Amino acid sequence: MKNRIYAAHWEDYELIDAGNGLKLERWGKYITVRPDVNAYFQPQLSKQEWDRKAHFIFKEEKGVFGTWLNKGNLPLNWEIEFEGVRLCVFLKNTKHTGVFPEQNLNWKAIKEFVTSEDSFLNLFGYTGASSMMALANQASVFHVDSSKSAMAWTKENARLNKFDGCKLVLEDVVLFMEREIKRKHQYELIQMDPPAWGIGTKGKKWQLENHIDLLMSLAAQLLKPKGQLIVSTYSAKITPLTLKETAEIYFPNRTFRTGMLATKSTTGKALDHGSLLHIF
Ligand SMILES: C[S@@+](CC[C@H](N)C(=O)[O-])C[C@H]1O[C@@H](n2cnc3c(N)ncnc32)[C@H](O)[C@@H]1O
């Protein structure tokens, strides 16, 4: 039996249905169809119903890359909102939209925890959804990502919300963490959302399963004694048990929960995303 932790639907996001390797999602007023390997089961709605509902359908060409079929000559970018924070959805040449909606559970935890007195370190920060949640509470935010386009998108999200002061660090996460440890910096809140594989120093590709232990040991040195750590992983090789066992090594006296981050579709399908750890 999987220990699933379900993300909630919110007004501007709904997983309508999933199945046949695809998901049908509503982002504000627009509906997309895109691939998801975890949707290995049969969908609830018929293909005709999916086709009738969808505004955009992603056609995979190579890996995550491909093209969006735009059924109504609609704009390719628009805004959605989570608890007053605006996020830019942008359909480019990959299946990703700039927002991982299942992360709303972490956004809620961030909004409930950080205050204007706190520092938040957002590692592998991508387009900055979590950074925006902490900025909404006037926390000091250090957003680290090695992708220039992710940084530009984060700036755009900050501009949409009229947030300033987000410290953008365009760098390899491990190098930044090691430097921060030398500087004896610590944070009240750290989030790590590492991809299944990453590009490290000197363009070297790494697999998360060989890196998770290092990332957790560095995070343990950067977290204040009563700080919170949120880790989410999207790799089949990192299970909730892996995160639990690693947390027991590096955070032996802390309370935490682990589980499989999942979303329940409106039609009742359980779609898994990856493993989640929250040390609180
Ligand atoms: C899965 S996304 C994070 C999603 C994000 N936390 C969210 O919920 O919106 C992974 C991000 O890690 C970045 N990345 C990959 N390898 C990296 C590295 N070695 N150092 C810094 N960033 C890296 C990618 O550019 C990408 O933006």
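If you're wondering where the values come from, they're calculated on a predicted model, not measured in any experiment. (Residues numbered from 1 in each chain as written. Predicted model: local features only at pLDDT ≥ 70, side-chain atom pairs only at ≥ 80, totals over all residues.)

K.L.:
Before we go on, may I ask you to explain the packing of helix 3 (residues 129–136) against helix 4 (residues 148–161) in this structure?
P.N.:
Packed helix pairs are specified by the crossing angle of their axes together with the interaxial distance, meaning the distance between the axes. Their axes nearest at 10 Å, the elements helix 3 and helix 4 cross at an angle of 35°. The element helix 3 and its partner helix 4 pack so that their crossing is right-handed. Together, Ser131, Met132 and Leu135 of helix 3 and Thr154, Asn157, Ala158 and Asn161 of helix 4 make up the contact between the two elements. (Axes fitted to C-alpha atoms, helices over the stretch in contact; angles between N-to-C directions. Helix = DSSP H or I, 4+ residues; strand = E, 2+ residues; numbered from the N terminus. Left-handed = near helix turned anticlockwise from the far one by under 90°. Contact = placed C-beta atoms within 7 Å.)

K.L.:
Before we go on, may I ask you to explain helix 4 in this structure?
P.N.:
Two residues of an α-helix separated by three or four positions point the same way, owing to the 3.6 residues in each turn. Compared with the 20 Å implied by 1.5 Å per residue over 14 residues, the 20 Å span of helix 4 between its first and last C-alpha is a close match. Those residues of helix 4 that fall on the buried side of the exposure criterion are Met151, Trp153, Thr154, Asn157 and Ala158. Projected down its long axis, helix 4 carries its buried residues within an arc of 165°, all on one side. Of the exposed residues in helix 4, those oriented more than 90 degrees away from the buried face are Lys148, Ser149, Ala152 and Arg159. (Expected span 1.5 Å × (residues − 1). Buried ≥ 20, exposed ≤ 12 C-beta atoms within 10 Å, placed from the backbone. Arc of directions from axis to C-beta.)

K.L.:
Got a minute to help me understand the sheet that holds strand 12 (residues 187–192) in this structure?
P.N.:
Backbone-to-backbone hydrogen bonds pair the strands of a sheet. The strands run either parallel or antiparallel. With mixed pairing, 8 strands are arranged side by side in an open sheet as 1-16-17-15-12-9-10-11. Each edge of the sheet is formed by a strand with only one pairing partner; in this case those strands are strand 1 (4–7) and strand 11 (167–170). Each neighbouring strand pair of the sheet contributes to a mean axis angle of 20°, computed without reference to strand direction. Pairing geometry for strand 1 and strand 16 (residues 256–264), over 4 bridges, is parallel. (Pairing = 2+ DSSP bridges.)

K.L.:
Honestly, the environment of Leu261 in this entry has me stumped. Any pointers?
P.N.:
With respect to the helices and strands, Leu261 occurs in strand 16. Leu261 sits 15 residues away from Leu276 along the chain, and the two C-alpha atoms are 5.8 Å apart. In contact with Leu261, other than residues within four places in its own chain, are Ile5, Ala7, Glu102, Ser232, His273, Gly274, Ser275 and Leu276.

K.L.:
Help me understand the site of the ligand in this model?
P.N.:
The environment of the ligand is made up of 21 residues, and the closest members are Phe124, Tyr126, Ser147, Asp193 and Gly198. Looking at the shell around the ligand, the elements that each hand over two or more residues are helix 3, strand 10 (140–145) and strand 13 (197–199). Along the lines of polarity and charge, the residues of the shell around the ligand split into 10 nonpolar, 8 polar and 3 charged. (Near = placed C-beta within 6 Å. Nonpolar A, V, L, I, M, F, W, Y, C, P; charged D, E, K, R; others polar.)

K.L.:
Teacher, can you tell me more about the domain arrangement of the chain here?
P.N.:
For the chain, the assigned domains are domain 1 (4–80) and domain 2 (100–279). For domain 1 and domain 2, the distance between their C-alpha centroids amounts to 25 Å. With 21 residues of domain 1 at the interface, the matching set in domain 2 holds 21 residues. The set of elements that each furnish at least two residues to the side of domain 1 that touches domain 2 consists of strand 1 and strand 2 (13–19). Of the residues forming the side of domain 1 that touches domain 2, the biggest block, 7 residues, is contributed by strand 2. Counted by class, the side of domain 1 that touches domain 2 contains 12 nonpolar, 3 polar and 6 charged residues. (Domains from an automatic or database assignment.)

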